[in-house]
Structures are given as structure tokens and as C-alpha cells.
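# Structural description and commentary
In case you want the letters, here they are:
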Amino acid sequence: MSTNEESRKRSIDQLEKEEDPQKLDPLGDLKIDDDQVLKDIRQRSACPSCKRSVKYFCYKCYQVVGMDRSKLPHVHLPIHLDVIKHHKELDGKSTAIHAKIISDDKDVDIHTYCPPDRIPQFEEPEKALLLFPGPSAKQLKDIPSLDSFNRVVVIDGTWHQAKQIAHNTPILNKMQKVTIAPRKTTFWRFQNVDDQHLATIEAIYYFYREYFEACQQQQHQTKYDGRFDNLLFYYKFFYNLIQRTYQTNKTAKFSHRHQQKDYIKNREDKSEEKEEDITDSSRNGK
Ligand SMILES: [Zn+2]
């Protein structure tokens, strides 16, 4: 057995040890639609716009393939979402795209950050919330007039890329920084950071949930009712797919094809192993 293989087995054992019954389905309590419609998709199809061969949806055009879009859940977002994606972040790794597909197309814009030419600009930055941690970041419940903001900006990419974007895009400094309450991620790629760094779609989901709760609190209204849970529709599907594959096929080979330095590392032993390439079928053919 090679050293790599040994450390892979160790990390899987570790994962299993960590799993108590509740953690086996950490997304189980959410009101997320049945994903049979995704399970029924067996093969790739050509994207109607770019003709690329893709499964589930096209990462470039945000088109749904292999099924009728009307069978997907739909989430209405109370304020506009802008995602800034680092140009080096692989499209297939971006979970922010799930929000673009599940919500109204017009409610989500995905911008590519590619300096020096493509640095996103925003009108009225004082009316935008920037979801980014830092000393000046506030929790939503501590912002007195949330209705004076009309959009939230989220940075998508590795932690290193996100910091680079935040520091090199002056207009972002004019926005009110916000954070969400610390939570453990269920993200299946073990990032080389602590387990409170959420996948982008998890962060988006919790933002809208806390936004709703903060607004309700200000108006003395009722509890959160699950209205944004379907933002995690694809996320839960891929998460369960990977969990099942880990459990039924412990000898599955790891692929190094999509290696990205400092991105996906095992958080236990910091080995060079990368995510098992199970989600590959959902990515663009490359
Ligand atoms: Zn396409």
C-alpha cells in the first residue's frame, strides 16, 4: 500500500469515526425538495446555449440540462445577490451557481474578477452589504435599518482568492461588511482551513436565513419557515452522493486531475491528497 493510499484510508476512517447519527444527514432537517429528478439524470446532455456536454446544468450558461427546469424548486430572494468569482476559480467548483439556477435569473449576477481589466463596479455601494469577515463586519441582527440595503455581495473562491479580491477592489470597502453566525460546514472538500469556512452556497443560504430572521425580529414577526432551504437543493444532492460513494466504495481512486494548490486538502493530516473525484460527472467535460 502506498503512503498516499494509507493516508487516504486513514482519513476515511477518521470521517466515519466523526459521524454520529445526526451528522450522517446534517441537512436532513431542512425543507429541501425531493431530489429524485436529479437522480433520474443518467447522462450528460448538450447545453442548449454553448453545446458543451454537461450533467445537471451548465456552469457557463446556467442552463438546466437533462430535465425540465419547472421541476426544480424555486427560491425567491428578498434582496439582489451579486457573486464575485475569481477568474482562477474553476467554474465546476463554484457552488454559488446553485443560487443562480434555483432563484430568479434576474435576482443573481455572477461577476468575474480578472484584474486589471475586469473588476466589478457597483452603483450605490453604500446600499450594498458585503458578506466578508473582519473587524468592521456586523451580524445582520445588529444592523438597525436593513431595509436601506438593496443587495448583498458575496465573494466566491478559495480563501486566499477571496482575500485578494476584497483587498484589491476599492469599491467593496464602501460597503457595510456583514458576517453570519459561526457554523460548521458540511462541505465535502476538506479545505486547508478550519471547518467553519463554509462552501459559498452554504454562506449564501445562511445569509438569507439570518437576513429574514433579522427583518422579522425588527417587525416582531414569526419564526423562520424554511423558505430559503432549497438554495441547498443541489448542495444536498451532491453531498449525499459523495457520502454514499465514500461508504459503499472505500477503494475509489482519488483523482489529481483538478488539483488546485492550497485548495482541497485533508484537514486531518494535511496530505497532498485531493478530493475524490466523485463530483466529476457533474462538471463540464474538460
Ligand atoms: Zn452552456
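Here the residue numbers are simple positions, counted from 1 along each chain's written sequence. For a predicted model such as this one, the threshold for reporting local features is a pLDDT of at least 70, and the threshold for listing and counting side-chain atom pairs is 80 or more; totals across whole chains, interfaces and linings nevertheless cover every residue.

## Things to note about the overall build of the protein chain
Secondary structure elements follow DSSP: runs of H or I of four or more residues count as helices, runs of E of two or more count as strands, with numbering from the N terminus. Regarding its fold elements, the protein chain presents seven helices and eight strands. Exposure classification rests on a simple neighbour count of other C-beta atoms within 10 Å of a residue's own: a residue reaching 20 or more is buried, one at 12 or fewer is exposed, and one in between is partly exposed. C-beta atoms are placed from the backbone. Within the protein chain, the proportion of its 286 residues that are buried is 28%.

## A few points about the pairing of strand 7 (residues 151-156)
Burial analysis of strand 7 places six of its six residues in the buried class, which makes it a mostly covered element. Side chains of strand 7 alternate between two faces, with Arg 151, Val 153 and Ile 155 and Val 152, Val 154 and Asp 156 buried alike. Note: two strands are recorded as paired if DSSP finds a minimum of 2 bridges between them. Sheet topology places strand 3 (residues 80-86) next to strand 7; six bridges connect them, and they run parallel. Directly across from Leu 81, in strand 7, lies its bridge partner Val 152. Relative to strand 7, strand 5 (residues 128-131) runs parallel, the two sharing four bridges.

## Side note on helix 5 (residues 159-168)
Counting along an α-helix, one turn takes 3.6 residues, and residues three or four places apart therefore face a common direction. All buried positions along helix 5 are accounted for by Gln 161, Ala 162 and Ile 165. The buried residues of helix 5 occupy an angular sector of 100° when the element is viewed end-on, so they sit on one face. Those residues of helix 5 that are exposed and aimed more than 90 degrees away from the buried face are His 167 and Asn 168. As used here, the arc is the angular range of directions from the helix axis to the C-beta atoms.

## Quick notes on the nonpolar core
The term nonpolar core means buried Ala, Val, Leu, Ile, Met, Phe, Trp, Tyr and Cys residues held together as one set by C-beta atoms within 7 Å. One finds Leu 131, Val 154, Ile 204 and Leu 231 to be the most contacted residues of the largest nonpolar core, which totals 53 residues. Residue assignment for this core shows that the elements contributing at least two residues are strand 3, helix 4 (97-102), strand 4 (108-113), strand 5, strand 7, helix 5, helix 6 (200-218) and helix 7 (233-248). The element that contributes the greatest number of residues to this core is helix 6, accounting for eight residues. Aside from chain neighbours lying at most four places away, what touches Leu 231 is Val 75, His 98, Ala 99, Ile 102, Ile 201, Ile 204, Tyr 205 and Tyr 208. What counts as a contact is two residues whose backbone-derived C-beta atoms lie within 7 Å of each other.

## Quick word on the sheet that holds strand 6 (residues 138-139)
Taken together, the six strands give an open sheet; going across it, the order is 4-3-7-5-8-6, and neighbouring strands pair in parallel fashion. Every other strand in the sheet has two partners, leaving strand 4 and strand 6 as the edge strands with one partner each. When strand 6 meets strand 8 (residues 176-179), the two strands line up parallel, connected through two bridges. Following the sheet pairing, Gln 139 is matched in strand 8 by Thr 179.

## Focus: the pairing of strand 8
As paired elements, strand 5 and strand 8 share three bridges and run parallel to each other. Residue pairing in the sheet places Leu 129 in a bridge with Gln 176 of strand 8.

## Here we look at unusual backbone geometry
In most cases, non-glycine residues show a negative phi, while peptide bonds are predominantly trans. In this structure, Tyr 56 takes a positive phi of about 75° despite not being glycine. By secondary structure assignment, the location of Tyr 56 is in the loop between strand 2 (53-54) and strand 3.

## Notes on the confidence of the model for the protein chain
Confidence of the prediction at every residue is given by pLDDT, a number between 0 and 100. Mean pLDDT over the protein chain stands at 79; residues scoring 70 or higher make up 72%. Here residues 16-22 scores under 50 on pLDDT; set against residues more than four positions off or in separate chains, the count is two contacts.

## Considerations on helix 7
Take the residue count of a helix, subtract one, and multiply by 1.5 Å to get its expected span. Between the first and last C-alpha of helix 7 there are 23 Å, a value that for 16 residues agrees with the 22 Å anticipated at 1.5 Å per step. Along helix 7, the residues that are buried comprise Phe 233, Tyr 234, Tyr 235, Lys 236 and Phe 238.

## Some points on the environment of Tyr 56
C-beta crowding within 10 Å serves as the criterion here: with 21 such atoms nearby, Tyr 56 is assigned to the buried category. Put simply, Tyr 56 and Val 37 are 19 residues apart on the chain and 9.9 Å apart in space, counted from C-alpha to C-alpha.

## Brief notes about the environment of Gly 66
Take Gly 66: it is sitting in the loop between strand 2 and strand 3. Taking the number of C-beta atoms within 10 Å as the measure of exposure, Gly 66 has 16 and is therefore partly exposed. C-alpha of Gly 66 to C-alpha of Ala 46: the two residues are 20 residues apart in sequence and 8.7 Å apart in space. The residues touching Gly 66, leaving out its near neighbours within four places in the chain, are Ile 41, Ser 45, Lys 55 and Tyr 56.

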